[in-house]
Structure formats: structure tokens, C-alpha cells
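# Residue-level structural notes
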Amino acid sequence: MSDQPSLFDEPEDDSSFSQNTNDTSLMAEVKQLHDQLNQANYQYYVLDDPQLPDAEYDRLFHRLKEIETSHPECLTPDSPTQRVGAAPLSHFEQVTHDVPMLSLDNAFDAQDMRDFNRRVSERIKHVDEVFYACEPKLDGIAVSLLYEGGLLVRAATRGDGAVGENITQNIRTVPSIPLKLLGENYPAVLEVRGEVYMPKKGFNDFNEKARAREEKLFVNPRNAAAGSLRQLDPKITATRPLEFCCYSLGRAEGGEVPAKHSEILSQFSKWGFKINPEMRVVKGIEGCLEYYEQLAEKRNSLAYEIDGIVFKVDDINLQQQLGFVSRAPRWAIAHKFPAQEEMTLLKDVEFQVGRTGAITPVARLEPVFVGGVTVSNATLHNMDEIARLGVMVGDTVIIRRAGDVIPQIVSVVQSKRPASAKAIVFPLACPVCDSHIERIEGEAVSRCSGGLVCAAQRKEAIKHFASRKAMDIDGLGDKLVEQLVDEGLIESFLDLYSLKLDRLMNLERMGEKSAQNLLASIEASKQTTLPKFLYSLGIREVGVATAQNLVNHFLDLKILVKADLDALLEVDDVGPIVAEHILSFFAEPHNQKIIDGLLNIGISWPVIEKKDASELPLAGQTFVVTGTLASMGRDQAKDYLQRLGAKVAGSVSAKTHGLVAGEKAGSKLTKAQDLDVAILDETAFLALLNQHGISHVS
Ligand code: IVH
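My aim in this report is to walk through the structure given alongside it, one point at a time. (Residues numbered from 1 in each chain as written. Predicted model: local features only at pLDDT ≥ 70, side-chain atom pairs only at ≥ 80, totals over all residues. Heavy atoms only, no water.)

Moving on to the packing of helix 18 (residues 544-554) against helix 23 (residues 634-643). In contact at an axis separation of 10 Å, helix 18 and helix 23 are set at 15° when each is read in the N-to-C sense. As summarised for this structure, helix 18 and helix 23 are arranged roughly parallel, according to the angle between their axes. The two elements helix 18 and helix 23 cross, and the hand of that crossing is right-handed. Where helix 18 abuts helix 23, its residues Val544, Ala545, Gln548, Asn549 and Asn552 lie against Asp635, Asp639 and Gln642. A per-class count over the contact of helix 18 with helix 23 returns two nonpolar, four polar and two charged. (Axes fitted to C-alpha atoms, helices over the stretch in contact; angles between N-to-C directions. Helix = DSSP H or I, 4+ residues; strand = E, 2+ residues; numbered from the N terminus. Parallel < 35°, antiparallel > 145°, perpendicular 65-115°, else oblique. Left-handed = near helix turned anticlockwise from the far one by under 90°. Contact = heavy atoms within 4.5 Å. Nonpolar A, V, L, I, M, F, W, Y, C, P; charged D, E, K, R; others polar.)

For the rest of this paragraph, the subject is the side chain of threonine 168. Residue position: threonine 168 is located in helix 5 (residues 168-171). A polar side-chain atom of threonine 168 sits 3.1 Å from the main-chain amide nitrogen of alanine 155. (Polar contact = N/O pair within 3.5 Å; in protein donor to acceptor, adjacent residues only side chain to side chain.)

Residues Gly658 and Val660 of strand 23 (residues 658-661) are buried on one face, and the alternating residues Leu659 and Ala661, pointing to the opposite face, are buried as well. One ladder, built from four bridges, connects strand 21 (residues 622-626) with strand 23; its direction is parallel. Bridge pairing in strand 23 links valine 625 to valine 660. Of the pairings in the sheet, the one linking strand 23 to strand 24 (residues 678-680) comprises three bridges and is parallel in character. Across the sheet, valine 660 pairs through a bridge with leucine 680, a residue of strand 24. Handedness of the crossover is the feature at issue here: the chain leaves strand 23, passes through helix 24 (residues 667-674), returns alongside strand 24, and the resulting connection is right-handed. (Buried < 20%, exposed > 50% of the residue type's maximum accessible area, 1.4 Å probe, protein only. Pairing = 2+ DSSP bridges. Right-handed = clockwise from strand over helix to strand, strands pointing away.)

Let's shift gears to helix 22 (residues 589-600). For helix 22, with 12 residues, the first-to-last C-alpha span of 16 Å sits near the 16 Å given by 1.5 Å per residue. Taken residue by residue, helix 22 has Asn591, Ile594, Ile595, Gly597 and Leu598 as its buried positions. Here the buried residues of helix 22 occupy an arc of 160° about the axis, which is enough to place them on one side. Opposite the buried face of helix 22, by more than 90 degrees, sit the exposed residues Pro589, Lys593 and Asn600. Next to the buried residues of helix 22 lie helix 13 (455-466), helix 17 (530-536), helix 19 (557-562) and helix 21 (576-587). Note on helix 22: the residue one or two positions beyond its end, glycine 602, has a positive phi of about 105°. (Expected span 1.5 Å × (residues − 1). Arc of directions from axis to C-beta.)

A word on the sheet that holds strand 24. The sheet built from four strands is open, its strands ordered 22-21-23-24 with parallel pairing. In the strand order of this sheet, the two ends are held by strand 22 (647-648) and strand 24, each with one partner. Set on the sheet, helix 24 makes contact with strand 21, strand 23 and strand 24; between it and strand 23 the angle comes to about 145°. Contacts from helix 25 (residues 682-691) reach strand 23 and strand 24, with the element oriented near 90° to strand 24.

Turning to the sheet that holds strand 9 (residues 280-283), a few remarks are in order. Spatially, the five strands line up as an open sheet ordered 2-13-10-3-9, and their pairing is mixed. Sheet topology places strand 2 (106-107) and strand 9 at the edges, where each strand pairs with a single neighbour. Pairing of strand 2 with strand 13 (residues 332-336) involves two bridges; the strand directions are parallel. Counterpart to asparagine 106 in the pairing with strand 13 is alanine 334. Set on the sheet, helix 4 (residues 110-123) makes contact with strand 2, strand 3 (131-138), strand 10 (306-313) and strand 13; between it and strand 13 the angle comes to about 175°. Running over the sheet, helix 10 (residues 284-298) touches strand 3, strand 9, strand 10 and strand 13 and is turned about 135° from strand 9.

Together, Asp54, Asp58, Asp674 and Asp676 make up a region of like negative charge exposed at the surface. The exposure class assigned to aspartate 58 is partly exposed, which follows from its relative accessible area of 49%. (Patch = residues over 30% accessible without salt bridge, like charges linked within 9 Å, V, L, I, M, F, W, Y side chains within 5 Å. Areas by Shrake-Rupley, 256 points an atom, 1.4 Å probe, with all protein chains shown as cover. Salt bridge = Lys/Arg side-chain N within 4 Å of Asp/Glu carboxyl O. Lys, Arg positive; Asp, Glu negative; His and termini not counted. Charge placed at Lys NZ, Arg CZ, Asp CG, Glu CD.)

Under the criterion given, the structure shown has 16 aromatic pairs. Judged by centre distance (6.2 Å) and plane angle (40°), the ring pair of phenylalanine 268 and tryptophan 271 falls under tilted. Given a relative accessible area of 0%, phenylalanine 268 falls into the buried group. Where phenylalanine 465 meets phenylalanine 493, the ring centres are 4.3 Å apart and the plane angle is 0°; that geometry is what we call stacked. (Phe/Tyr/Trp six-rings, centres within 6.5 Å; stacked < 30°, edge-to-face > 60°.)

Turning our attention to helix 18. Burial in helix 18 covers these residues: Thr546, Ala547, Gln548, Asn549, Leu550, Val551 and Phe554. Buried residues in helix 18 make contact with helix 17, helix 19, helix 20 (565-569), helix 21 and helix 23. At the exit of helix 18 stands leucine 555, carrying a positive phi of roughly 65°.

Moving on: the pairing of strand 15 (residues 358-370). For strand 14 (residues 341-353) and strand 15, the ladder comprises seven bridges, and the chain directions are antiparallel. The partner of leucine 346 across the bridge, within strand 15, is leucine 365. When strand 15 meets strand 20 (residues 446-448), the two strands line up antiparallel, connected through two bridges. When the bridges of strand 20 are listed, alanine 358 appears paired with arginine 447. Connecting strand 15 to the next strand, strand 16 (residues 373-379), in antiparallel fashion are two residues, including glycine 371 with a positive phi near 60°.

Tracing the chain through its elements places alanine 358 in strand 15. Counting along the chain gives 80 residues from alanine 358 to glutamate 438, while the straight-line C-alpha distance between them is 9.5 Å. Sequence-distant contacts of alanine 358, defined by excluding residues within four places in its chain, comprise Gln352, Val353, Val445, Ser446 and Arg447.

Let us look at the packing of helix 2 (residues 24-46) against helix 3 (residues 54-70). It is the contact of helix 2 with helix 3, at a shortest axis distance of 10 Å, that shows an interaxial angle of 140°. Where helix 2 crosses over helix 3, the handedness of that crossing is left-handed. Listed contacts from helix 3 to Leu26, Glu29, Val30, Leu33, His34, Gln36, Leu37, Ala40 and Asn41 of helix 2 are Tyr57, Leu60, Phe61, Arg63, Leu64, Ile67 and Glu68.

A separate point is the site of the ligand. Taken together, 14 residues are adjacent to the ligand, and Glu135, Leu138, Glu195, Tyr247 and Lys312 come closest. Proline 136 is positioned such that a nitrogen or oxygen atom in its backbone is 3.4 Å from a nitrogen atom of the ligand. Here a nitrogen atom of the ligand sits 3.0 Å away from a polar atom, N or O, in the side chain of lysine 312. Look at the ligand: alone it shows 520 Å² of surface, and the protein chains cover 88% of it. Going through the elements one at a time, strand 3 and strand 10 are the ones with two or more residues in the shell around the ligand. (Near = heavy atom within 4 Å.)

None of this, on its own, says anything about what the molecule does.
Structure (C-alpha cells):
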């Protein structure tokens, strides 16, 4: 182990405190505290099923620490208080694996799998049907954990399979790894192998924080796990959200282990380890292929990254008969999923202009098949991201497309940079309208200052105006908007209302019937509601909920357009930034002209009766909506709540009166539970609406 003194260098006997202290009642208490805390840890981190309230855990932990401080002889290395605390190392010692840590052969398609099954079947002729244990192939770092007398005495990386590194100090900080095995009947020497990994949420949260602090990001969860375990200071590892899941036995001496791989894993679970809940035993190759399909479907919804499925002959006797070829067993194979990372060439960077003028650099790539689709574009976010990556045009880059997330460039392959690589220069003027580009201090985004003079912003503004939650113009999709602007038929959304049939009909891909339909839906859109109209104007930061709040407050557009800063700040959920955007929008003569024009061509909405807001049934109450509701969208739910006079906020706080929680509600639900905020499931929410005269039909 380390050259430096460490609390954990010499594994002590589990019963050490009983030899050193003669206070038997204290000894018994310490033993009981260990058991209670270990059990609580197991339920929380291994089974994902917390049983002990946090406060009670803290109380027990604190009591144990107190005893250990006043009676140091009670302190043992397996104490639940001793996960972090060792001094930083100067380097990692080498560990020779008694039983080599093998790697796996890969299968890339069903045929490779059938070939594998045939090879297995041919070698074990007398067995009719082979049973396979199937497990997700976790994308992390393989480690070996050595337990002697039930205590964790050494943890090592795989290294080259024969020699790895001693990472015991770091491994002790991983909460799902038992420092002492649970139960009694474990072998005197037990080596457990498995994967340390960083779940997707922990990875994303970590990177988000690193980005905010302008620190280095991890490119994927596997690198995050590796980087975290490679720390010489275990205090750093302790801050990383790592988990461990075991997947095989290294060796067992002085005790029994079952004769099936799947049963060994179940036994590991009883000794305190996390095993993969997706593990199944299937019959024959068809069972394997079916399992693969099922998991492929589930892949994106799992909490951790997997890069394939590992299939293992379940019977250990058969495994022994099959043996190994070079460094891979004949009894196991990894059926890989399509890769989520690939290398490709960055051919060019173009700058796109969005509705609010935000300029986004977009990478044009040599098309590459990654994560199951062909990718030819990836966002580069902003100039800070380009600087962080140090990327140049002509570089070979690593593209990552995990799940449904938009493709990202995660790193540059520096060694492949050609001499001709070109720096990416952010334009000084808008690539579409040539207006100058502004970058506000402290904001990462650069914007075109051209407003509606800029064709790109105009197109985006018209698309927004026509969208479903805005003026809801049926049949006016993004492509058609582009065509109308490019052909010079419209410049602003006001022009939509003077479109003529003969011009429209003559557009490419447009017949008389569709032109008539389009004109009819444009005409129909004139009957709208004030909140929709307001939202459709595309004022920055004014979404559906803010538009509704503004209408609830001012009731009339005439009053709203004249509102000053103080008046705007009185509106629910409107802060100084949103208020400034609203003020500058209405102050702009061009926008005033468009609004007047829209009203003149007959856009109208039902007059909103002046109601004393305090008379409304939910007046003075704040609600939050989260999760998926089966009968309506979240916007609809918010709309109803606002109609009943409630404020709708984006996050739960002690001031929240109720949380409407649909399916898959996440952290907001937990927070509401913690704060004792009333929680309404969909049925309760519909009942509340009903009670106040709203009968929703989905
Ligand atoms: S079994 C002899 N099972 O995949 C069998 N490996 O290429 C050895 N891995 O280094 C491994 N999940 O890090 C096994 N359920 C699983 C696994 C798994 C991930 C990794 C492991 C190993 C690599 C093999």
C-alpha cells in the first residue's frame, strides 16, 4: 500500500475492540451501531430502498463517532465512519492478480452470437440446452475487491489483467461497497469482481457544475469513473457519485459458493453487494437474442450507461470445461450495442441565427454512424465551448450521441490535426443580415442586433407566431415559412394576413387546394385569446405561463403595452430581466407597427372581464406542475390553475401550496415531500378542477 501512514494499511481483526476495551456494554453498543449503519447503507445504496430516516442515520453515525473519539480502542478499520480519512498517496502500488482478470470477446450482431453459441454447444456435446446468465455490460472500470475474514483488505484495478493498481483507499469511499460483508457464512478469502461506474445523473450534474466553474469536463461516464478512481487523494474520490455492481467471483477459499453464476450473484447480494437487477437466466441462443432486444429498448431509460450485454454460461462446471482462449473465456461473450462515440472529420463550422438573434456555431461533419443514426451536424453551443474544446476546422473529433441527446463534440484527437487546420473565427457581423453582433458581459451567447431586419430572426419569429401554442396556424410548417420568406412573399408575420391565393398556388410543392386550406387556417387564426396573441409576439423570455400571468394582471393589451417597469414587476414571476425585455419590445416602433397592423386586420379575442382576483378560488396560492399527466399537457394544467387565480411557479419552495405531480415526477416531488407541500396526483387535480367548475375532457 502507501508509503505514507494510513489508517487502513494494516487490516485489523474485526474483533479488535473487544480485545482492547473491557467495557462490554460499550462494545455491544459499537457492534450494534456498526450493524445498524451497515444495514442502512446496504438498504440505501445497494438495494435503493432506504428504510432508516436520514435524521436517524445521522444520529447513529454521530453516536458512533462520539464513542470512537472518547474510546479510540473502539475504532476499527471496518467502522462505517472510516470510509474517508486516509491521507493522499504519492503513487499507486502494483497488485498482482492471483487469478488473472480476463477480458471478453465481442459479438456485433446476431450471427456472431449464433457462432458463439455453436462453439459452446460443440464443446459440451452431452448438454441439450445451454442456460446463459445475461447482464448489462456496464460502462465503467473493472475492479477486484479482496475480503479476508469478511473485511475489505484490498481493492485493485484490472490493469493489464495480470497486474493492476492498488486503489483500496479510493474504493473504501464508494458507499455501495461493503467494508465488512453482511451475514455470516462467507468464505475466509473472497475476491469479488465488478464494475465501478458513474450513473448518468451523477455524471451530468458533475459536468454541469464543472462547466459553471469553467473546469475540465469528463467526456463520458466511463472516463468520469476512471478519472475519479485515479485520484491519489481519496477525499476527492469521495465527492464523486460512484457506484459498484458486482458481476463475477474472483476466488473463494475456506467456504462454499454456489455452482451457478446466477446463484453466486444472488449470494453476493446477500453478502452486501449490489447486483444488476436486470440479470436474467435464459435458455439457449434464442433467449439471448430476445434479452438483447429487450435491453436495447430499455437502454436509454436505464440510470447508467451500458455498451452491450454480457452472456455467460450459467453452470460453473460447464464454464470450467470450456476454459479460456488467450485472455478471454470461451464461456462468455459481450454482444455490443452500436457505439455512442465515433471519430469523424470537422469539415466546417457555420453560424446559425435563432429567433432571439442568438448565434450558435454548428459543426458540419463528415457523416458518421453513431448511437444508431447517421450524424452530420453537431452543436458547438457558443464560443466558450469552442475555446474549451480547442477545436479547429479540419480536426478529427470524437462525436457522442447518447440516447436522444443531440450529438455533441466531446473532444479533439490532437494527434490527427493537419497542418492546414483553421481556427474557428466568430463572425463580427450577422452572417444573415450583416448587423453587428453583441455579446453581453457575463452571458455566453452572442446575438445579432438586427432584430426583425434579420431574415433568420424573421423566419424564426414567423415559425413561432404560427406554432400551436401561439396563433396555431394549421398547415404552416417550418419549411413553408422558409419558402415564403425566401420567395419574398412575406417579411413579417403581419404579411401572412395579406397572402393571396394566386401567388401561393404558384409556389413549388403547393397546389390550389393546399393554398386554400392555408388561407383558411390563417383566417381562422384571427379568432384567438389574448394570452396566445401575446405569446405569439415572441417577446424574449415570455413563454406561455408568463403571457398568461401578464394577461391575468393587466386584462387588456392597451394597459399592458403602456405598463412601466414598476407595474410589470408586480406581475407574478416577472423579474427585472423579463420586465426589461417586455419594455424594450413595446418601445420599438417596428413592433408597435406590427401590433397595430395585426389588430387592424381583425385579430381579436374575447374581452376579459375585470374580476377581483381575490375572488378567484385559488387566489393567493402558488402551485407547481411536474411530471407527465395522462389527460393533458403541463401547459394546459398551468392554464387551468391560473384561471382559478393560482400563481404557477417553476420550483417548489416552502411557500408552495400544492404540487400537481404526474407520472415520472422527479426531484420536485421529493422536495415537496420533504417540505410537506400538498401533493395532488392527476385524479386529485382533476377533482380540484371539477370542484371549481372546470370539467376537463382529454
Ligand atoms: S464479465 C471473464 N460482466 O467488460 C469475464 N464484464 O471486456 C470478465 N464489464 O473488463 C468480465 N459489465 O470491465 C463482465 N456484467 C459484466 C460486465 C463486464 C462490464 C466489463 C469489465 C471487463 C470488460 C470486458
